[in-house]
Structures are given as C-alpha cells and as structure tokens.
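Listed here are the chains, written in short residue letters.
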Amino acid sequence: MKVLVIGGGAREHALCRALSLDPDVTALHCAPGNAGIAEVAELHAVDALDGAAVADLAASLGVGLVVVGPEAPLVAGVADAVRERGIPAFGPSAEAARLEGSKAFAKDVMAAAGVPTARAYVCTNPAEVDEALDAFGPPYVVKDDGLAAGKGVVVTEDVEAARAHALACGRVVIEEFLDGPEVSLFAITDGETVVPLQPAQDFKRAHDGDEGPNTGGMGAYSPLPWADPALVDEVVATICQPTVDELRRRGTPFSGLLYAGLAITSRGVRVIEFNARFGDPETQVVLARLKTPLAAVLLAAATGRLEAEPPLRWSDGAAVTVVLASHNYPGTPRTGDPVTGLDEVAEKDGPKAYVLHAGTKRDGASGAVVSAGGRVLSVTATGSDLAKARERAYRAMGRIGLEGSHHRSDIAAKAAAEAVS
C-alpha cells in the first residue's frame, strides 16, 4: 500500500514513523512534512487546507490511503475532497469534524447522546458572558468556540482575565470546572465500530508543576498505572460509542479518530472536549506502544471494515515523550535557531529513545536542522516501566541543544513514583 500523510508536526512524524515500520506500506509520502519526516517519507509541497490540491497529489502518487493529521484540514473538508476522488481517507468529513471545530456543536451532540460532560453556556455577547461567569464562579473555564491550536482555553481564578479572553474570542463556551485528573483516550472508528487505543495523559501547562500558560502540550505518558482497569471499556460504552451513534443518526457519520479529553471527577468520568484527530503529544506515546501494524487498521476505518480487524496488540511497557519548545513559546516563538545533538541521540539512545520533529526545517544554505515553530521536537522513549522510559527520554533530551529553548522536567514524574510505591 502507498500512503500519504497530511501535516507537518510531531503527530505526523509519529504516524509516519509507525507507517514506515509497517511491512505492508510500500511507499510513504507526506505533505508538507518537516526535516525529521523527510528521513522516513518523501515530502511534497502542498497547501494542506486545499482539498482539491491534496486530492490531486494523492491521485498523482497513486496512493491507496490518505491520512489527514491536523484538525484544520479536516474542518476545511480535505478528507471529503479526497474521498470524492475515490481514494480512501482516514479522517472525518467537514460536517463530522465540527465535533472539534465547534465546542457548541459538540455540547449539542453530547446532550443528545446522553454523554456526561460539564454544564455550559454558549455566549455571544458581554451580557451573556457576565451571566455565565457569575453562574459558575471560580475557577473560570472559558473556551473559544472554534479551532485555536490547543491554546483557546483559559482556566483562571481571575474573573477579569476570564472575561477578557471571552470577549476576545467572540463566540465562547463557558463551563463549570471539572475536578480530578485528566485522561486522553483515542478511538478509531469507521462510523459504526469503535476500537479504543490505550489511554494517555498529557501536560498542557508550559512549566513544571502545571504552572504557566496553556500550550498545545508539553509532554505525555502511557500507560496510566493509577487508572481503573475498567476505564477504557467504560469510556467506550458511555462516551465514544454513543457519540458515534448520534452522529450517524444525524446523517453525518464520524469516520476516523475520535479523541476524548476526559476528567476523572468525584462524580464520575466527564468529557472536557472532543477532538477529531490524533492528539499531540499523546500520539507519540500511544503509537510507541502499539504493536499492531498501523496501515491496515487505518484503512479498515476508512473503508468501513473495522469490525473485521483482529484486536489491537500492545507492548507491556511504557512510553514517555517530552516536548522541546522554542524561546518564548507559547507566545510568539523565536525561529531559525540551529538544533544540535540529533545525530548523537540516534547513535547513543536509539531505538529505545528517538526524536520526533514538530517545528523544524532544513536551512537552505547550511543544510542544518533549524527551529521553525513553537514546539520544535518531541523526545520519545520506551521502557519496561514509566521510570525507565522517563530516564531514557530525559537522557536523550540532555543531548539536544537549541538556544533559548525550554522543556518541562516533571513529565510522568508523579505517575512513575506512584507506580514504584
């Protein structure tokens, strides 16, 4: 099978890495890709939001599957354009992708499906914002209704900060704060059958101790030794399957990757948000543990044959990923700085630890890898347990140089310590 992956972040590098290890994949392409993806896939320049251009590229390459990575192309209808050309696409339609593209739409679907989530108000003017903030009280949770690259959510005790964010967004969802630890669960679906992946936990705040502003994610780990073994089955039965069934009932079946961001509250599991694609950085650790070849599973979902696939196989070990971010991220990041130490990681730490590129590119003059975005790299490692995976990830991170960069030093630290005790 020839496969084309759309996107250019660490999520897409993780997908491309997994697909490159699949013996059924005879040719792997990525558009637009990045400096790291270029080592495992042939790169192509394309506007990832232009469905016709993506479909033309897929047809010219003769691929048998297109995997759409990021949310923006899905919401823009890229998967629809590819399917209209008769090419299987892994990723929901633009209509179904509204589950991520509109927080208000997601709340409506959850209400109809009986899915447990936070109580919320959809606000479109200052009076509604003030009423909602007053109704819930602190801590205030304010979410931009549309796509915001993982940075559209503000959780704060400061009512003025909450109000300012709400007014800057326009249409917002203001909801009750959900207590308890957060969990990310991915489920692959063809619109009927739902196949869960292993759960992961990510770290949204920029700095150690969950301090600083929200980011797109600064690290993740899997498995979750503290979680109830019945959690995955419960989430599929009460959240994922009812949501998929409701979207099919509405005539907009969801085929692709359903990502449930969950809070394990004192009152039970609640949905924080849905995404319509693999999450970043959780994909890095989930795919690191997946033993089943990836291409056939994604193709089965894209072609409505998921029920016939054998159960997924997983490693017994653990995986940890730590994100290296550029200077000033998540503000306006500095770019163009050289990244060093990548060859040393490959030589001394592989294959148990490896680097997945996010915001990188090759400098045209020097050929060096330079930073080209906010989150620059994900250093991912596997081990027999979380402690071993953490040790390997941070040892590899120590070999990498990027002026002005920062990363968290506490990814999976608490879970690893609790697993030992």
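Just above sits the structure.
Residues numbered from 1 in each chain as written. Predicted model: local features only at pLDDT ≥ 70, side-chain atom pairs only at ≥ 80, totals over all residues. Heavy atoms only, no water.

Novice: Before we move on, can you summarise the pairing of strand β4 (residues 65-68) with the specific residues and values?
Specialist: Neither face of β4 is open: one carries L65 and V67, the other V66 and V68, and all of them are buried. Inspection of the sheet shows strand β1 (residues 2-7) paired to β4 by 4 bridges, in the parallel sense. Bridging from a neighbouring strand, L4 pairs with V66 of β4. Bridge count for β4 against strand β5 (residues 89-90) is 2 bridges, and the pairing is parallel. Bridge assignment links V67 to a residue of β5, and that residue is F90. (Buried < 20%, exposed > 50% of the residue type's maximum accessible area, 1.4 Å probe, protein only. Helix = DSSP H or I, 4+ residues; strand = E, 2+ residues; numbered from the N terminus. Pairing = 2+ DSSP bridges.)

Novice: Let's hear about the environment of R85: which residues, and what values?
Specialist: Considering the arrangement of structural elements, one finds R85 in the loop between α4 (78-84) and β5. C-alpha separation for the pair R85 and A58, spaced 27 residues apart in sequence, amounts to 9.2 Å. Engagement of the side chain of R85 in a polar contact is seen with the side chain of D56, the distance being 2.6 Å. (Polar contact = N/O pair within 3.5 Å; in protein donor to acceptor, adjacent residues only side chain to side chain.)

Novice: An account of the nonpolar core is needed here, citing residue identities and associated values.
Specialist: One finds L4, V66, L99, I239, V320 and I400 to be the most contacted residues of the largest nonpolar core, which totals 78 residues. It is helix α9 (residues 231-249) that contributes the most residues to this core, 8 residues altogether. Excluding residues that lie within four positions of it along the chain, L4 makes contacts with H29, C30, A31, V54, L57, A58, L61, V63, L65, V66 and V67. One finds A295, A301, W314 and L356 within the second-largest nonpolar core, a separate group that totals 43 residues. (Core = buried A, V, L, I, M, F, W, Y, C linked by side-chain atoms within 4.5 Å. Contact = heavy atoms within 4.5 Å.)

Novice: Account for the sheet that holds strand β12 (residues 201-202), naming residues and giving values.
Specialist: The strand order β12-β15-β18-β22-β19 describes an open sheet built from 5 strands, whose pairing is antiparallel. Where the open sheet ends on each side, the last strands, each with one partner, are β12 and β19 (353-357). As defined by bridge partners, strand β15 (residues 219-222) adjoins strand β18 (residues 318-325) across 4 bridges and the pair is classed as antiparallel. Considered in β18, the bridge of S222 is made with A319. Packed on one face of the sheet, helix α10 (residues 282-289) meets β12, β15, β18, β19 and β22 (375-383) and runs near 150 degrees to β18. This element, helix α13 (residues 386-397), spans β15, β18, β19 and β22 of the sheet and lies at about 30 degrees to β18. (Axes fitted to C-alpha atoms, helices over the stretch in contact; angles between N-to-C directions.)

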